[in-house]
Amino acid sequence: MLTRYLHPLGVAGCFFIAGCCAVTATLTTVAAEPSSFDLKLRFERESVDGSDHYESMVRGETWVASQTAIIVCDMWDSHHCYNAVQREKEFAPRLNSVVSQVRHWGGIVIHSPSGCMDAYANHPARKRAMSVPASPSYPDQIESWCYKIASEENVEYPIDQSDGGEDDTPEEKANWERQLRFEGRDVKQPWKKQIDMIQVDANHDYISDSGKEIWNIIQNHGATNVILSGVHTNMCVLGRPFGLRRMASAGINVVLIRDLTDTMYNPLAKPYVSHFEGTDLIIRYIERHICPTITSDQLIGGSPFRFAGDLRSQ
């Protein structure tokens, strides 16, 4: 049984107010069935229309595993930003555990290393994605990058990413480009496949970077819920044809795993905060204007992931 509550963009239901930027109350949901799991979805809602004052809230939902897909976005084997690669390697093992759990529960696992489909031309998971019957209809512009949806009109984007968001020092950059050339990679687009730390189940998973193919998979399985994970939050996770904006605007019940992602943000750009605070600003923007978020501990237990370099107080 799928229990739904208020969607932050206006679906009818109920919610608990938890106070500005601090969650103090949650909803109690019915016990999950063996084929379902409980989530606590965090989102922000304007306290008074037009006030630009937002309150953080949590609502409970029970998701049916067979109606849930997890998309692993652009967890490439390399990147032009050295520090981005180090952060990806840091959280990839935990993301692999989440993917394995969703698969174990009977959910749909879609690996989406964009631009790397040639590496998987003969892989069963790639062939499986290509063989799914076409949907009778598609969301508007499902094959295109999405820069903005209606809920983002007339709101301020929280960070300046116009420089590409690289946070490498000049020395790190030079050394990394030297390494990429040594490996025979394009220093601007060095990715060739998904990082090996994320396992692909050849018997069950799908591999695709196509908006139409991924929509076919979701529709063919009757999935109404999508979990987005991977990188980078402020670019690919938001904007890809299978990203948060497209899923949310198409009516999919989509969430971001906020502790298993990273941004392309340079602290030398506005608003001149740490890299990790920049990520938090993007997450809050998503919770206000795009969709809710969850944390990995809701799926695999333990504590939410935290980067070793994030030295801010808990």
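This text follows the structure it describes.
The sections below set out a description of the structure shown in this document. (Residues numbered from 1 in each chain as written. Predicted model: local features only at pLDDT ≥ 70, side-chain atom pairs only at ≥ 80, totals over all residues. Heavy atoms only, no water.)

## Describing the overall build of the protein chain
Regarding its fold elements, the protein chain presents eight helices and nine strands. Expressed as a percentage of its 314 residues, the buried residues of the protein chain come to 52%. Intrachain contacts of the protein chain at a sequence separation of at least 6 include 79% that bridge at least 24 residues. Just so you have it, the protein chain exposes about 14000 Å², and 50% of that area is on carbon and sulfur atoms. (Helix = DSSP H or I, 4+ residues; strand = E, 2+ residues; numbered from the N terminus. Buried < 20%, exposed > 50% of the residue type's maximum accessible area, 1.4 Å probe, protein only. Contact = heavy atoms within 4.5 Å. Areas by Shrake-Rupley, 256 points an atom, 1.4 Å probe, with all protein chains shown as cover.)

## With respect to empty space enclosed by the protein
Going through the model one piece at a time under the given rule, you end up with one cavity of 30 Å³ or more. Within this model, the largest cavity holds a volume of roughly 60 Å³. At three residues, helix α1 (residues 82-104) tops the list of elements feeding residues into the lining of the largest cavity. Class assignment for the residues of the lining of the largest cavity results in four nonpolar, three polar and two charged. (1 Å grid on protein atoms, 1.4 Å probe; cavity = no way out; pocket = protein on both sides within 12 Å on 5 of 7 lines; lining within 4 Å. Points joined across faces, edges and corners; volume = space filled by probe spheres on them. Nonpolar A, V, L, I, M, F, W, Y, C, P; charged D, E, K, R; others polar.)

## Considering the environment of E152
The residue E152 is located in the loop between α2 (124-131) and α3 (170-182) in this model. Residues E152 and I286, 134 residues apart in the sequence, show an inter-C-alpha distance of 9.5 Å. Ignoring any residue separated from it by four or fewer positions in sequence, one finds E152 in contact with Y147, R245, Y285, H289 and I290.

## Let's talk about unusual backbone geometry
Of note, the bond from V231 into H232 is cis; its omega dihedral lies within 30 degrees of zero at -15°. The step from K270 to P271 runs through a cis peptide bond, and the omega angle for that step is 10°. Considering the arrangement of structural elements, one finds P271 in the loop between β8 (253-262) and α7 (275-289). For Q141, which is not glycine, the phi torsion reads 60° and is therefore positive. By secondary structure assignment, the location of Q141 is in the loop between α2 and α3. In this structure, N154 takes a positive phi of about 65° despite not being glycine. Tracing the backbone through its elements, the reader meets N154 in the loop between α2 and α3. You can call N154 exposed: its relative accessible area is 80%.

## Focus on the pairing of strand β5 (residues 108-112)
Counting buried positions along β5 gives five out of five residues, so the element sits mostly inside the fold. The β-α-β motif built from strand β4 (residues 68-73), the intervening α1 and the parallel element β5 has right-handed crossover chirality. As defined by bridge partners, β5 adjoins strand β6 (residues 206-207) across two bridges and the pair is classed as parallel. The partner of H111 across the bridge, within β6, is I207. (Right-handed = clockwise from strand over helix to strand, strands pointing away. Pairing = 2+ DSSP bridges.)

## Description of the layout of surface pockets
Taken as a whole, the second largest pocket spans an internal volume of roughly 270 Å³. As for the second largest pocket, its lining consists of D52, Y54, V155, E156, P158, L281, R284, Y285, R288 and H289. Here the element with the most residues in the lining of the second largest pocket is α7; it accounts for five residues. Along the lines of polarity and charge, the residues of the lining of the second largest pocket split into five nonpolar, one polar and four charged.

## Looking at the nonpolar core
The biggest cluster of nonpolar side chains holds 40 residues, and the ones touching the most others in it are I110, V226, L228, L244, V254, I286 and I290. Secondary structure elements with two or more residues in this core: β4, β5, α4 (211-220), β7 (225-231), α5 (233-239), α6 (244-249), β8 and α7. (Core = buried A, V, L, I, M, F, W, Y, C linked by side-chain atoms within 4.5 Å.)

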